[in-house]
Amino acid sequence: MEGYVNAQTGHVYRFIDTVEYFEAKGSVFPVTNDGNAPLGVQTVAQMPYMKVTGTGGIDEVTDTGGNFFNSGPQTASFEGPFVKIVDQCGAASLTLTGGIDWGSH
């Protein structure tokens, strides 16, 4: 947040939200991948409670809407306060700048 205030009178001239907001999202199958609507059709969803590591190795967990505030290159992984996925095929992580998109195009 950034504000411009007259130091003598206390008058607020301008108040600006300078925080950079980002979103983690991806394509998911809600229940099954059988192709039958609505529970078997791929849909875009926010990724709540996902661990995101930003510039300088600072970790953050996305909120319920998949939002986070780390800027610069961000690395997200399928782990957080409620789950950690261990996959024998390799680490499930993605590094991007300007938000995390696990294929919701």
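Residues numbered from 1 in each chain as written. Predicted model: local features only at pLDDT ≥ 70, side-chain atom pairs only at ≥ 80, totals over all residues. Heavy atoms only, no water.

S.K.: Before we move on, can you summarise the sheet that holds strand E9 (residues 93–97) with the specific residues and values?
M.R.: Read from one edge to the other, the open sheet built from four strands follows the order E6-E5-E8-E9, with strand pairing classed as antiparallel. On the outer flanks of this sheet lie strand E6 (59–61) and E9, each paired with one strand and no other. Ignoring which end each strand starts from, the neighbouring axes of this sheet average 25° apart. Taken together, the five bridges between strand E8 (residues 73–77) and E9 define a ladder with antiparallel strand orientation. Residue pairing for E9: Pro-73 is matched across the bridge by Thr-97. (Pairing = 2+ DSSP bridges. Helix = DSSP H or I, 4+ residues; strand = E, 2+ residues; numbered from the N terminus. Axes fitted to C-alpha atoms, helices over the stretch in contact; angles between N-to-C directions.)

S.K.: So, the environment of Pro-30: which residues are in play, and what are the values?
M.R.: Tracing the sequence through the fold places Pro-30 in the loop between strand E3 (22–28) and strand E4 (43–46). Through-space distance from the C-alpha of Pro-30 to that of Val-86 is 21 Å; in sequence the pair is 56 residues apart. Beyond its immediate stretch of four places on either side in the chain, Pro-30 contacts Pro-38, Leu-39, Val-41 and Thr-43. (Contact = heavy atoms within 4.5 Å.)

S.K.: Describe the pattern of salt bridges, naming the residues involved and giving the relevant values.
M.R.: Enumeration over the complete set of coordinates arrives at one salt bridge. Here Glu-79 makes a salt bridge to Lys-51, at a shortest N to O gap of 3.7 Å. With Glu-79 in the loop between E8 and E9 and Lys-51 in strand E5 (residues 51–53), the pair connects residues that are 28 residues apart, well separated along the chain. When its relative accessible area of 23% is taken as the criterion, Glu-79 is described as partly exposed. Owing to a relative accessible area of 25%, Lys-51 belongs among the partly exposed residues under this scheme. (Salt bridge = Lys/Arg side-chain N within 4 Å of Asp/Glu carboxyl O. Buried < 20%, exposed > 50% of the residue type's maximum accessible area, 1.4 Å probe, protein only.)

S.K.: Outline the pairing of strand E1 (residues 2–5), supporting the account with residue identities and numerical values.
M.R.: Both faces of the sheet carry side chains from a regular strand, because those side chains alternate between them. Bridge count between E1 and strand E2 (residues 12–16): four bridges; the pairing is antiparallel. Bridge assignment links Gly-3 to a residue of E2, and that residue is Phe-15. The turn linking E1 back onto E2 is made up of six residues, and Gly-10 within it adopts a positive phi angle of 80°.

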